[in-house]
Amino acid sequence: MPRDPPRLFAKGACEAVESLSIRTPISPEIAGNLTVGDAFALHGKILCARDAALSRLVRMLDTGTLGDLAEHLKGAVIFHTAVSDAGIGPTSSNKVEIEGSIGPLSAAGVRIHLGKGAISAATVARMSSAGSVFAVTPPATALFMDKIVSRRILAFPEEGMEALFELDVRGLPGIVAAAKGASIY
Amino acid sequence: MTTRCERVEGLVKELLITASTTFRPDQYRAYERAIARETNPPSRWAMEAMVENARIAAAKRYPLCDDTGIPHLIVEVGAEVAISGELLEAIRAGVAAGQRALPTRPMGLMGNDEQRIAQSGGVSSDPAWVVPPAMLVKPIPGDELRITVLMLGGGPELRSTTVKVFHERNAEGVIREAGRWAAEVAAKLGCTPTLPCIGIGRTHYEATTMMLEAMQEGDLDCQSEWERIVTEMVNASGSGSLGLRGTVTALGCFIRVGPQRASGQRMVCMRPGCSVDVRRATVTMRARELA
């Protein structure tokens, strides 16, 4: 079995780091302590969204029409994934509507953006000023199946698998790829 | 009594599920070699998770990746095999049955041309709405009918390219150009280790079909010199698994070269496969089994 969550891995010059158990919602202090290379396992409620829902969330943010969804963004994790009976797994975070959402949603309170693929230096800078981080997770859909406790649609049901979902997860793993203005890219 | 078409439909249904849930032995062995070679622990951890994911997927018949992909079909027909439109329809019905049984991800868009492009006509909840493109049908010698199902996910499609390359009478130069593309997109792809698949032909269509044949036939245990060159070029990027940095960014490479024409250019298709590529399964039937 793989280490789940990853227990030890090298950071910088062979400095060993314990992985972190992170419960949502995430405080600014916990997010502020995360640095590139930190491994973690997520517990609690997370949001799942990709191209369609993220672009709609940003439009609502721009027009001040988020309503109750605003509370869901505070201290949130947004996993860039579809949600369906085929499971969950990271989609490319550098697609225009997804990467374009990272800055505005960080400013609205999202603390961890979880996905895959290199993001730009400009996005890393916007996250840094808002106190959020970008993390990656393996495309391990079968492995993630038993980490999902429950799921429900929060908004945009007409988008199908691209709706805004809320999942309750136990031990969903990730590794910080960009934080505090630094990144692995 | 089961008819010929019912048998084919059932076999194709199982093919699709196998392709979506199963690593081949050469994939497992390639990961074993990569994990042993990887020097960066986070990248090694990511690959270990990918192997464990594959074991669970096979045991529980879960998709390897939630992006179950677009099914592509290659049908090879022996000279002694008679096929009909009814049989081709049975193959398509088998794909739909497999999609509903697994199930694959329901991501087919509804509506007219404009609505499907703008994603404004809604998403079908039926996994079988994700219909395969036209089948690639090829004649082969003998009395066999071979059907291959390939599942092509969206991440690699974002980073694929089909474009002319001026060969300047230097074959390795063409291969290295495709290797440069694969190395450049590895970090953006995210789902690494990657598996670049390359086809070279006379037209865009032929280059793409050669790339599909490379996906169909490639073997990670048996890499050509050109395939090793591309793999080394991608690994030299240092992007590593999931972009976490490391020695292994590519598990290998599949290349297929088709007929060429007298001209200064070659059409080259490069698809940077992701960490679950190639998702494929093939069944072979004899003419007498189809009677």
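Everything quoted here is computed from the prediction, not taken from an experiment.

Draft legend 1. Summary view of the overall build of chain B. Looking only at helices and strands, chain B has nine helices and eight strands in total. By residue count, 49% of the 291 residues in chain B fall in the buried class. If you take every contact in chain B between residues at least 6 apart in sequence, the share linking residues at least 24 apart comes to 80%.

Draft legend 2. Structural view of the overall build of chain A. Secondary structure assignment for chain A yields six helices and 10 strands. Taken over C-alpha atoms, the radius of gyration comes to 15 Å for chain A, in line with the 16 Å a tight globule of 185 residues would show. Seen through its principal axes, chain A has C-alpha atoms that stretch 45 × 35 × 25 Å. Counting the 185 residues in chain A, one finds 52% classified as buried. Restricting the contact set of chain A to residue pairs at least 6 apart, pairs at least 24 apart contribute 68%.

Draft legend 3. Quick look at the sheet that holds strand β4 (residues 161-166) of chain B. All names here are of chain B. Taken in spatial order, the four strands make up an open sheet running β4-β7-β5-β6, and their pairing is mixed. This sheet does not close on itself; its edge strands, each paired only once, are β4 and β6 (254-257). Adjacent strand axes in the sheet meet at a mean angle of 20°, parallel and antiparallel pairs treated alike. Note: strand β5 (residues 195-201) against strand β7 (residues 265-273), seven bridges, orientation antiparallel. Among the inter-strand pairings, Ile198 is bridged to a residue of β7, identified as Met270. The sheet contacts of helix α7 (residues 171-189) involve β4, β5 and β7, and relative to β7 the element is tilted by about 30°.

Draft legend 4. A look at the interface of chain B and chain A. The interface of chain B with chain A comprises 42 residues on the first partner and 39 residues on the second. Going through the elements one at a time, α3 (41-60), α6 (154-158) and α7 of chain B are the ones with two or more residues in the side of chain B that touches chain A. Here the residues of the side of chain B that touches chain A sort into 24 nonpolar, 10 polar and eight charged.

Draft legend 5. Inspection of the environment of Arg100 of chain B at higher detail. Here Arg100 of chain B lies in helix α4 (residues 85-101). Sequence separation between Arg100 of chain B and Leu195 of chain B is 95 residues, and the spatial gap between their C-alpha atoms is 28 Å.

Draft legend 6. The domain arrangement of chain B, seen in detail. Residues and elements named next belong to chain B. For chain B, the domain assignment lists domain 1 (1-22 + 64-153 + 279-291) and domain 2 (154-273). Inter-centroid distance (C-alpha atoms) of domain 1 to domain 2 is 25 Å. The interface is formed by nine residues belonging to domain 1 together with eight residues belonging to domain 2. Elements with a minimum of two residues in the side of domain 1 that touches domain 2: β1 (70-78) and β3 (144-152). Residues belonging to the side of domain 1 that touches domain 2 are distributed by class as follows: four nonpolar, three polar and two charged.

Draft legend 7. Molecular detail of the packing of helix α4 (residues 96-107) of chain A against helix α5 (residues 121-130) of chain A. Residues and elements named next belong to chain A. Running from amino to carboxyl end, α4 crosses α5 at an angle of 10°, the nearest separation of the two axes being 8 Å. Relative to α5, the element α4 lies roughly parallel. Note that α4 runs across α5; the crossing there is left-handed. Here Glu99, Ile102, Gly103, Ser106 and Ala107 of α4 lie close against α5, whose contacting residues are Thr123, Arg126, Met127 and Ala130. Residue classes in the contact of α4 with α5 are distributed as four nonpolar, three polar and two charged.

Draft legend 8. The nonpolar core, seen in detail. Membership of the largest hydrophobic core comes to 136 residues, with the highest contact counts inside it found for Val77 and Val133 of chain A together with Ile198 of chain B. Each of domain 1 (1-22 + 64-153 + 279-291) and domain 2 (154-273) of chain B contributes no fewer than three residues to this core. In this view, Val133 of chain A contacts Ala31, Leu34, Ile112, Met127, Val176, Ala178 and Ala179 of chain A; residues no more than four positions away in its chain are not counted.

Scoring rules and cut-offs
- Residues numbered from 1 in each chain as written.
- Chains lettered and ligands numbered in written order.
- Predicted model: local features only at pLDDT ≥ 70, side-chain atom pairs only at ≥ 80, totals over all residues.
- Helix = DSSP H or I, 4+ residues; strand = E, 2+ residues; numbered from the N terminus.
- Buried ≥ 20, exposed ≤ 12 C-beta atoms within 10 Å, placed from the backbone.
- Contact = placed C-beta atoms within 7 Å.
- Rg over C-alpha atoms; globule rule 2.2 N^0.38 Å.
- Pairing = 2+ DSSP bridges.
- Axes fitted to C-alpha atoms, helices over the stretch in contact; angles between N-to-C directions.
- Nonpolar A, V, L, I, M, F, W, Y, C, P; charged D, E, K, R; others polar.
- Domains from an automatic or database assignment.
- Parallel < 35°, antiparallel > 145°, perpendicular 65-115°, else oblique.
- Left-handed = near helix turned anticlockwise from the far one by under 90°.
- Core = buried A, V, L, I, M, F, W, Y, C linked by C-beta atoms within 7 Å.

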